[in-house]
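Understanding the architecture of this molecule
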Amino acid sequence: MSQRSPKEAIPVPPAIQARLEQAGLRRTLATRAVLGLFLSNPQGSLTHSQALASLTARGLDINRVTLYRLLDRLAACGVLQRHADDDARTWRFGLADAPQDGVVPRFECDACHRQFRLTEASAPTRAVAGDLLRTLARLGHQGQRVDLSVHGTCAGCVPPAADGPGQEPAA
Ligand SMILES: [Zn+2]
């Protein structure tokens, strides 16, 4: 049985292909269909249920849990970016920045997993990234992109300072 999806023949950009390979993600029918969904609307973002509805409408039989994992993996390897949609109380997924957009460091809250793009820092960071790539080149390596992410706790998740500083464990 050959399942064809003629309308989803959107070529996968090499940068995305490279990320998939680095992450060891196989290009299954589901992966290609999900990528096609986002590539056909690069500026858009979708919630899990919107993506599921679109894929189902395109005739892809995909389990919702499978789709969840796939979206998460695509986000983890930098193909997709996810951010919290506070109104819908869910995640929205969209295509991550193309490398030619320059290095935009990100901050991810380990508590709520929201991502913040630190665009203010992009100019000096780009210089650092260029430096790193040049260093690699001197060593004969071919760096392709630099990812900078900072992990921590976002302003919304930092617990309010209860008793002020100086809380030492009882001696
Ligand atoms: Zn947070």
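Residues numbered from 1 in each chain as written. Predicted model: local features only at pLDDT ≥ 70, side-chain atom pairs only at ≥ 80, totals over all residues. Heavy atoms only, no water.

**Quick word on the packing of aromatic side chains**
- A full pass over the atoms with the stated rule returns 1 aromatic pair.
- Lying over the aromatic face of Trp91, Arg82 brings its terminal NZ or CZ to 4.1 Å of the ring centre. (Phe/Tyr/Trp six-rings, centres within 6.5 Å; stacked < 30°, edge-to-face > 60°. Lys NZ or Arg CZ within 6 Å of the ring centre and 35° of its normal.)

**With respect to the sheet that holds strand β6 (residues 149-152)**
- Strand order in this open sheet of 3 strands is β5-β4-β6, and the pairing throughout is mixed. Of all strands in the sheet, those with a lone pairing partner are β5 (115-117) and β6, marking the two edges. Within this sheet the neighbouring strands show an average axis-to-axis angle of 20°, counted without direction. (Pairing = 2+ DSSP bridges. Helix = DSSP H or I, 4+ residues; strand = E, 2+ residues; numbered from the N terminus. Axes fitted to C-alpha atoms, helices over the stretch in contact; angles between N-to-C directions.)

**Considering the packing of helix α2 (residues 29-39) against helix α4 (residues 64-76)**
- Direction vectors running N to C along α2 and α4 enclose 65°, while the axes themselves pass 11 Å from each other. Considering the angle they form, α2 stands roughly perpendicular to α4. The hand of the α2/α4 crossing is right-handed. Taken together, the residues of α4 that come into contact with α2 (itself represented by Ala30, Thr31, Val34, Leu35 and Phe38) are Leu67, Leu70, Leu71 and Leu74.
- Residues of the contact of α2 with α4, tallied by class, amount to 8 nonpolar, 1 polar and no charged. (Parallel < 35°, antiparallel > 145°, perpendicular 65-115°, else oblique. Left-handed = near helix turned anticlockwise from the far one by under 90°. Contact = heavy atoms within 4.5 Å. Nonpolar A, V, L, I, M, F, W, Y, C, P; charged D, E, K, R; others polar.)

**Observations regarding the side chain of Glu108**
- Within the secondary structure layout, Glu108 lies in strand β4 (residues 106-109).
- With no salt bridge to any partner, buried Glu108 finds its closest opposite charge in Arg82, at an N-O distance of 4.7 Å.
- Every residue in contact with Glu108, bar those within four places of it in the chain, is listed here: His113, Arg114, Gln115, Val150, His151 and Gly152. (Buried < 20%, exposed > 50% of the residue type's maximum accessible area, 1.4 Å probe, protein only. Lys, Arg positive; Asp, Glu negative; His and termini not counted. Salt bridge = Lys/Arg side-chain N within 4 Å of Asp/Glu carboxyl O.)

**A look at helix α3 (residues 48-57)**
- Every buried residue belonging to α3 is among His48, Ala51, Leu52 and Leu55, and all of these are buried. Along the axis of α3, the buried residues cluster in a sector spanning 100°; they form a single face. Relative to its buried face, α3 has exposed residues pointing more than 90 degrees away, namely Ser49 and Ala57.
- Its buried side turned inward, α3 meets α2, β1 (45-47), α4 and β3 (90-95).
- At the C-terminal side of α3, Gly59 shows a positive phi close to 90°. (Arc of directions from axis to C-beta.)

**Remarks on the pattern of salt bridges**
- The tally for this structure, following the rule as stated, stands at 2 salt bridges.
- Taking the shortest distance from any N to any O, the salt bridge between Arg134 and Asp131 comes out at 3.4 Å. Here Arg134 and its partner Asp131 are both found in helix α5 (residues 122-138), 3 residues apart, which amounts to about one turn of the helix.
- Overall, the relative accessible area of 44% leaves Asp131 in the partly exposed class.

**Concerning the coordination of the zinc ion**
- Taken together, Cys109 (SG), Cys112 (SG), Cys154 (SG) and Cys157 (SG) make up the protein donors of the zinc ion, found 2.2 to 2.3 Å from the metal.
- In terms of primary sequence, the donors binding the zinc ion are separated according to C-x2-C-x41-C-x2-C. Taken together, the residues Cys109 in strand β4 and Cys154 in the segment after β6 connect sequence positions 45 residues apart.
- On the accessibility criterion, Cys109 (0% relative accessible area) is buried. (Donors = N, O, S within 2.8 Å, 3.2 Å for Na, K, Ca; no water.)

**Some points on the side chain of His48**
- Relative to the elements of secondary structure, His48 occurs in helix α3.
- Under the relative-accessibility criterion, His48 is labelled buried at 5%.
- Look past the residues within four positions of His48 in its chain and what remains in contact with it is Arg64, Leu67, Tyr68, Leu71 and Trp91.

**What to know about the nonpolar core**
- With 27 residues, the main nonpolar core has Phe38 and Leu74 as its most contacted residues.
- Secondary-structure elements contributing two or more residues to this core are α1 (14-22), α2, α3, α4 and β3.
- Ranked by the residues each element gives to this core, the list is headed by α2, at 7 residues.
- Those residues in contact with Leu74 that lie beyond four places of it in its chain are Leu20, Leu25, Thr31, Val34, Leu35, Val79 and Leu80. (Core = buried A, V, L, I, M, F, W, Y, C linked by side-chain atoms within 4.5 Å.)

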